[in-house]
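# A closer look at the structure
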Amino acid sequence: MTTSAPLTVPTAAAARPQPSPGVRRITGLQPTGRLHLGNLLGAIRPTVAAQYRTETIVFLADLHALTVAHQPNEVRANTLAQATTLLAAGLDPDRTTFYVQSQVPQHTELHYLLECTAGYGEAHRMIQFREKSATQQNVRLSLLSYPVLMAADILLHDVHEVPVGADQGQHLELTRTVAQRFNTRYGDTFVVPRAVHPAVSARVMDLADPTRKMGKSAESDAGVVLLLDPPEVVRRKVMRAVTDPGRTVDYDPQARPGLANLLDILAAAVGGDPAVLAADYRSYAQLKAAVAEAVDGLLRPVRLRHTELARDPGYVRRVLAEGADRARESAADTVYRARRAIGLLT
Ligand code: AMP
């Protein structure tokens, strides 16, 4: 194996994240579909950067993937594939507790205790439930209680901060309400977490349709740069990006969203201000070539590391098993407190 870094699994004691005088953060990612440039810039890169400042927990929310129609083999394969890609993208298991949700049974145990604390009306009011259930025939009960499982995910680890995008704000609010209610009813048990919003929220738009967010569920891959796309595919997608009529390269997100998206991506990749970077380019073709080069520069190390990791799937499984061991240890303590407080024999 041509490894630049040895594939050693962290040992429990050595690997425990450095105790931080600051805060503890948690991020959950659903193992659905393939990761793309939007995920990298909007979620993965900030998490990878945060792991060096803050005690960080990252889990793959495979139980959440069961709330809608799913293929069992796909969920399993996506979970391992996504874990491999996240490690390739810089998630460091020596720094971050990284595991798969279903491998820590305390998530579902606490979920039940919180279902006895949250109300049906509260779950039913969630916008995401309303939107998703409106488009489905056989709505699963788990889709309704999804935000309560999310509350359990968060409260399990006594975290202080949860990075959330706008779409998860309501769920985090429910988590806080349920935690406060439990604490008031049964005595102080949970840390009540706060939402943190990224300072500059990178929002990468679809290259083929710059009015849509780049996303896993796009009808076509033409405007979605996947993290593991080969260099020629990345280049082709960028060079074919939809731009606007006009010749000059200016940064104007309202009037020229396609061009602005390319400049935003360039700015995120190489650093700098998109409006200032615009002045360096005389033509769209020149700008696109620079964006293709910059994106490839971002993805090359991820691709190389992924190739190494994919040669040894046992390594990724061992990392996840070790992460789950650590997570179970801290989660068991929280569940014990909750069981005792709510009236169960311990
Ligand atoms: P999703 O792929 O929608 O499950 O989102 C996983 C994470 O990636 C969330 O934190 C999203 O906010 C982030 N994300 C997804 N798509 C984009 C995008 N196009 N631009 C920026 N961040 C994104």
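Coordinates for the structure precede this section.
### Brief notes about the overall build of the chain
- The helix and strand inventory of the chain stands at 13 helices and five strands.
- For a compact globule of 346 residues, the expected C-alpha radius of gyration is about 20 Å, and the chain comes in at 21 Å, within 12% of that figure.
- Projecting the C-alpha coordinates of the chain onto the three principal axes gives extents of approximately 70 × 50 × 40 Å.
- Sorting the 346 residues of the chain into buried and exposed places 48% on the buried side.
- Partitioning the contacts of the chain with sequence separation of at least 6, the portion at a separation of at least 24 is 75%.
- Surface summary for the chain: the accessible area is close to 16900 Å², and the carbon and sulfur share equals 53%.

### Looking at the pattern of salt bridges
- As enumerated under the stated definition, the model contains 17 salt bridges in all.
- Its salt-bridge partner being Arg 181, residue Glu 122 comes within 2.5 Å of it at the nearest N-O pair. One end of the pair, Glu 122, is in helix α5 (residues 120-124); the other, Arg 181, is in helix α8 (residues 169-186), and 59 residues separate them in sequence.
- A residue is classified by how much of its surface remains accessible, and Glu 122, at 14% relative accessible area, is buried.
- Among the ionic pairs, Glu 322 bridges to Arg 326, the shortest N-O distance being 3.9 Å. Here Glu 322 pairs with Arg 326, and both are found in helix α13 (residues 313-342), just four residues apart, close to one helical turn.
- Using a relative accessible area of 11% as the deciding quantity, one classes Glu 322 as buried.

### Overview of the nonpolar core
- Ranked by internal contacts, the top residues of the largest apolar core, which has 53 residues, are Leu 37, Phe 98 and Leu 287.
- Per element, the largest residue contribution to this core is eleven residues, and it comes from helix α12 (residues 284-310).
- Sequence-distant contacts of Phe 98, defined by excluding residues within four places in its chain, comprise Val 58, Leu 60, Ala 83, Leu 86, Leu 87, Leu 91, Val 319, Leu 320, Gly 323 and Ala 324.
- Residues Val 104, Tyr 146, Val 178 and Ala 338 belong to the second largest nonpolar core, which totals 37 residues.

### Some thoughts on helix α7 (residues 141-155)
- Over its 15 residues, α7 extends 22 Å from the first C-alpha to the last, a length consistent with the 21 Å expected when each residue adds 1.5 Å.
- Of all the bends in α7, the greatest, near 40°, is centred on Pro 147.

### A few points about unusual backbone geometry
- Backbone geometry at Asp 158 places phi at a positive 50°, although glycine is not the residue there.
- Counting through the fold element by element, Asp 158 comes out in the loop between α7 and β4 (161-163).

### Some remarks on helix α9 (residues 231-239)
- Of the positions making up α9, those classed as buried are Val 233, Val 234, Lys 237 and Val 238. Looking straight down α9, one finds that the buried residues subtend no more than 130° of arc, so they occupy a single side.
- Next to the buried residues of α9 lie α10 (257-270) and α12.

### Comments concerning the environment of Ala 241
- Among the secondary structure elements, Ala 241 is positioned in the loop between α9 and α10.
- Residue classification places Ala 241 among the buried positions, given a relative accessible area of 5%.
- Ala 241 sits 157 residues away from Thr 84 along the chain, and the two C-alpha atoms are 28 Å apart.

### Details of the packing of aromatic side chains
- The tally for this structure, following the rule as stated, stands at three aromatic pairs.
- When the centroid spacing of 4.9 Å and the interplanar angle of 65° are considered together, the rings of Phe 182 and Tyr 186 count as edge-to-face. Note that Phe 182 and Tyr 186 are positioned in helix α8 at a spacing of four residues, about one turn of the helix.
- For Phe 182, a relative accessible area of 0% corresponds to the buried category.

### Some details on the pairing of strand β3 (residues 96-100)
- Of all five residues that make up β3, five are buried, and the element is covered over most of its length.
- The side-chain alternation of β3 yields two buried faces, one formed by Thr 96, Phe 98 and Val 100 and the other by Thr 97 and Tyr 99.
- Relative to β3, strand β2 (residues 55-60) runs parallel, the two being bridged by five bridges. Its bridge partner lying in β3, Leu 60 is registered against Val 100.
- In this fold, the crossover linking β2 to β3 by way of helix α3 (residues 72-88) has right-handed handedness.

### Description of the packing of α3 against α13
- Two elements in contact, α3 and α13, have axes whose closest approach is 10 Å; the angle formed by their N-to-C orientations is 90°. For the element pair α3 / α13, the angle class is roughly perpendicular. On α13, the residues touching Leu 80, Ala 83, Thr 84 and Leu 87 of α3 are Tyr 315, Val 316, Arg 317, Val 319 and Leu 320.
- Within the contact of α3 with α13, the residues separate by chemical class into seven nonpolar, one polar and one charged.

Basis of the calculations
- Residues numbered from 1 in each chain as written.
- Predicted model: local features only at pLDDT ≥ 70, side-chain atom pairs only at ≥ 80, totals over all residues.
- Heavy atoms only, no water.
- Helix = DSSP H or I, 4+ residues; strand = E, 2+ residues; numbered from the N terminus.
- Rg over C-alpha atoms; globule rule 2.2 N^0.38 Å.
- Buried < 20%, exposed > 50% of the residue type's maximum accessible area, 1.4 Å probe, protein only.
- Contact = heavy atoms within 4.5 Å.
- Areas by Shrake-Rupley, 256 points an atom, 1.4 Å probe, with all protein chains shown as cover.
- Salt bridge = Lys/Arg side-chain N within 4 Å of Asp/Glu carboxyl O.
- Core = buried A, V, L, I, M, F, W, Y, C linked by side-chain atoms within 4.5 Å.
- Expected span 1.5 Å × (residues − 1).
- Bend = angle between axes of the 7 residues up to and from the residue.
- Arc of directions from axis to C-beta.
- Phe/Tyr/Trp six-rings, centres within 6.5 Å; stacked < 30°, edge-to-face > 60°.
- Pairing = 2+ DSSP bridges.
- Right-handed = clockwise from strand over helix to strand, strands pointing away.
- Axes fitted to C-alpha atoms, helices over the stretch in contact; angles between N-to-C directions.
- Parallel < 35°, antiparallel > 145°, perpendicular 65-115°, else oblique.
- Nonpolar A, V, L, I, M, F, W, Y, C, P; charged D, E, K, R; others polar.

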